[in-house]
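Examining the three-dimensional arrangement
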Amino acid sequence: SQTIHQWPATLVQPVGSPLSLECTVEGTSNPNLYWYRQAAGRGLQLLFYSVGIGQISSEVPQNLSASRPQDRQFILSSKKLLLSDSGFYLCAWSGTGGAIHEQYFGPGTRLTVT
Amino acid sequence: GQQVMQIPQYQHVQEGEDFTTYCNSSTTLSNIQWYKQRPGGHPVFLIQLVKSGEVKKQKRLTFQFGEAKKNSSLHITATQTTDVGTYFCAGKRSNTGKLIFGQGTTLQVKP
């Protein structure tokens, strides 16, 4: 069966520090991968998505970047965090075959920038 | 850009009462998905609707897709405390795998 891992679960970082969040998927190959951010009590904002290794699409201009060095690994990074980067970061994957491309979400990382 | 609006933002009901959340898109959708996020958890897929006017049921949950494929609704009959959480609709852009999520409706159920 497929599983998706995210770490760390929680993170407190000072303004100006770097960030690296990792997401890995098991049990599937060539998935579409997504990074979302959810502000407290708000909806899901799509940050990046990837359809393959090295292929990254950015949805909104921001202080973050993403990379996909391996088929089932998706990394979210920042060189210098801003206060506004605080939020709940969710990684998700979806298949590319079949009629229903539901997204499966990881447990998320709660980031607080102080 | 394409937007998906969801109302209401919050709903408090007494256990046993019904609940409905509505989702509206500014453009026609190829399909719409619904997700549930429990407090402190991550979104979990509930269902996908594809056809114009489609209605699907899952026990006490009824999902509808509008005739014009621009709106959808989720109706819960006789809510239970286990229904607590935030319900998101997500419209799929045609020809891509990307979903546009609504802002969500947070349901609180008083026992």
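Note: the structure precedes this text.
First, a word on scope: everything that follows refers to the structure included in this document. Per chain, the residues get numbers from 1 upward, laid out in the order the sequence is written. The lettering of chains begins at A and the numbering of ligands begins at 1, in the order of writing. Totals for whole chains, interfaces and linings use all residues, but because this is a predicted model, local features are given only for residues with pLDDT of at least 70 and pairs of side-chain atoms are given and counted only at 80 or more. As a rule here, side-chain values cover all heavy atoms of the structure and leave hydrogens and water aside.

**What about the state of the cysteines?**
- What counts as a disulfide here is a pair of cysteine sulfur atoms lying within 2.5 Å. This model, assessed by the stated rule, comprises 2 disulfides over all chains.
- Disulfide partner of Cys23(A): Cys91(A), at an S-S distance of 2.0 Å. The sign of the S-S torsion, about -75°, decides the handedness of the disulfide formed by Cys23(A) and Cys91(A): left-handed. Taken as a pair, Cys23(A) in strand E3 (residues 19-26) and Cys91(A) in strand E9 (residues 87-94) lie far apart in primary sequence, 68 residues in all. Of the two residues examined, Cys23(A) and Cys91(A), each falls in the buried class.
- Here Cys23(B) is linked by a disulfide to Cys89(B), with a sulfur-sulfur distance of 1.9 Å. Classification of the bridge connecting Cys23(B) and Cys89(B) rests on its S-S torsion, roughly 75°, and on that basis the disulfide is right-handed. Segments assigned H or I by DSSP are reported as helices when at least four residues long, segments assigned E as strands when at least two residues long, and all are numbered from the N terminus. Buried, partly exposed and exposed residues are distinguished by accessible area as a fraction of the type maximum, computed with a 1.4 Å probe on protein chains only: under 20%, between the cut-offs, and over 50%, respectively.

**Examining the nonpolar core**
- Ranked by internal contacts, the top residues of the largest apolar core, which has 21 residues, are Ile32(B), Trp34(B) and Phe63(B).
- Mapped onto this core, the elements with two or more residues apiece are strand E3 (19-25), strand E4 (31-37), strand E5 (44-49), strand E7 (61-65), strand E8 (71-76), strand E9 (85-92) and strand E11 (105-110) of chain B.
- Note on contacts: a residue pair qualifies if any of its non-hydrogen atoms lie within 4.5 Å across the two residues. In contact with Phe63(B), not counting residues within four places along its chain, are Trp34(B), Leu46(B), Ile47(B), Leu49(B), Glu54(B), Val55(B), Lys56(B), Gln58(B), Ser73(B) and Leu74(B).
- If you look at the next biggest cluster of nonpolar residues, it comprises 19 residues, including Ile4(A), Leu19(A), Phe48(A) and Leu64(A). Within this scheme, the nonpolar core is defined by two criteria: the residues are buried Ala, Val, Leu, Ile, Met, Phe, Trp, Tyr or Cys, and they are joined through side-chain atoms within 4.5 Å.

**Observations regarding the interface of chain A and chain B**
- Listed by partner, the interface residues are 21 residues for chain A and 20 residues for chain B.
- Defined here as a combined quantity, buried area equals the accessible surface (1.4 Å probe) lost by two parts on assembly, summed across both. Counting the surface lost from both chain A and chain B, the interface buries some 1,500 Å², and carbon and sulfur atoms represent 53% of this.
- When residues of chain A are sorted by the area they lose upon contact with chain B, Leu44(A), Gln103(A) and Phe105(A) head the list and together hold 28% of the total.
- Here a salt bridge means any side-chain nitrogen of Lys or Arg lying within 4 Å of a carboxyl oxygen belonging to Asp or Glu. For the pair chain A and chain B, the number of links is 0 salt bridges.
- Any pair of nitrogen or oxygen atoms within 3.5 Å is treated as a polar contact; in protein, a donor-acceptor pairing is required on top of that, and neighbouring residues in sequence qualify only through side-chain atoms on both sides. Taken together, the links from chain A to chain B amount to 4 residue pairs in polar contact (both at pLDDT 80 or more).
- Counting residues per element, the ones that place at least two in the side of chain A that touches chain B are strand E4 (32-38), strand E5 (44-52) and E9 of chain A.
- For this classification, the nonpolar set comprises Ala, Val, Leu, Ile, Met, Phe, Trp, Tyr, Cys and Pro, the charged set comprises Asp, Glu, Lys and Arg, and every other residue, Gly included, is treated as polar. In terms of residue class, the side of chain A that touches chain B is built from 11 nonpolar, 6 polar and 4 charged.

**A closer look at the sheet that holds E8(B)**
Residue and element names in this part refer to chain B.
- Ordered by their spatial adjacency, 5 strands build an open sheet running E1-E3-E8-E7-E6, and the pairing between neighbours is antiparallel. Edge strands, defined here as strands with exactly one partner in the open sheet, are strand E1 (4-7) and strand E6 (55-58). Pairs of neighbouring strands in the sheet enclose a mean axial angle of 15°, with direction left out of account.
- Note on pairing: two strands pair once DSSP finds at least 2 bridges between them. Judged from the 4 bridges that link them, E6 and E7 form a sheet pairing that is antiparallel. Looking at the pairing, Lys 56 lines up with Phe 63 of E7. For every element, the axis is a line fit to its C-alpha atoms; helices are fit only across the contacting stretch, and the angle between N-to-C directions ranges from 0 to 180 degrees.

**Considering the pattern of salt bridges**
All names here are of chain A.
- Tallied over the entire structure, the rule returns 4 salt bridges over all chains.
- The salt bridge partner of Arg 37 is Asp 85, with a shortest N-O separation of 3.7 Å. A residue pair is termed long-range when its members are at least 10 positions apart, and Arg 37 in strand E4 and Asp 85 in the loop between strand E8 (73-78) and E9 qualify at 48 residues.
- When its relative accessible area of 3% is taken as the criterion, Asp 85 is described as buried.
- Arg 68 is the partner of Asp 71 in a salt bridge, and the nearest nitrogen-oxygen pair spans 3.2 Å.

**Observations regarding the sheet that holds strand E7 (residues 65-70) of chain A**
Residue and element names in this part refer to chain A.
- Pairing is antiparallel across the open sheet formed by 4 strands, whose spatial order is E1-E3-E8-E7. Of all the strands in the sheet, just strand E1 (3-7) and E7 have a single pairing partner and so form its edges. Along the sheet, successive strands turn relative to each other by an average axial angle of 20°, direction set aside.
- Sheet topology note: the E7/E8 ladder contains 4 bridges and is antiparallel. In the sheet register, Ser 67 faces E8, and the bridge partner there is Ile 75.

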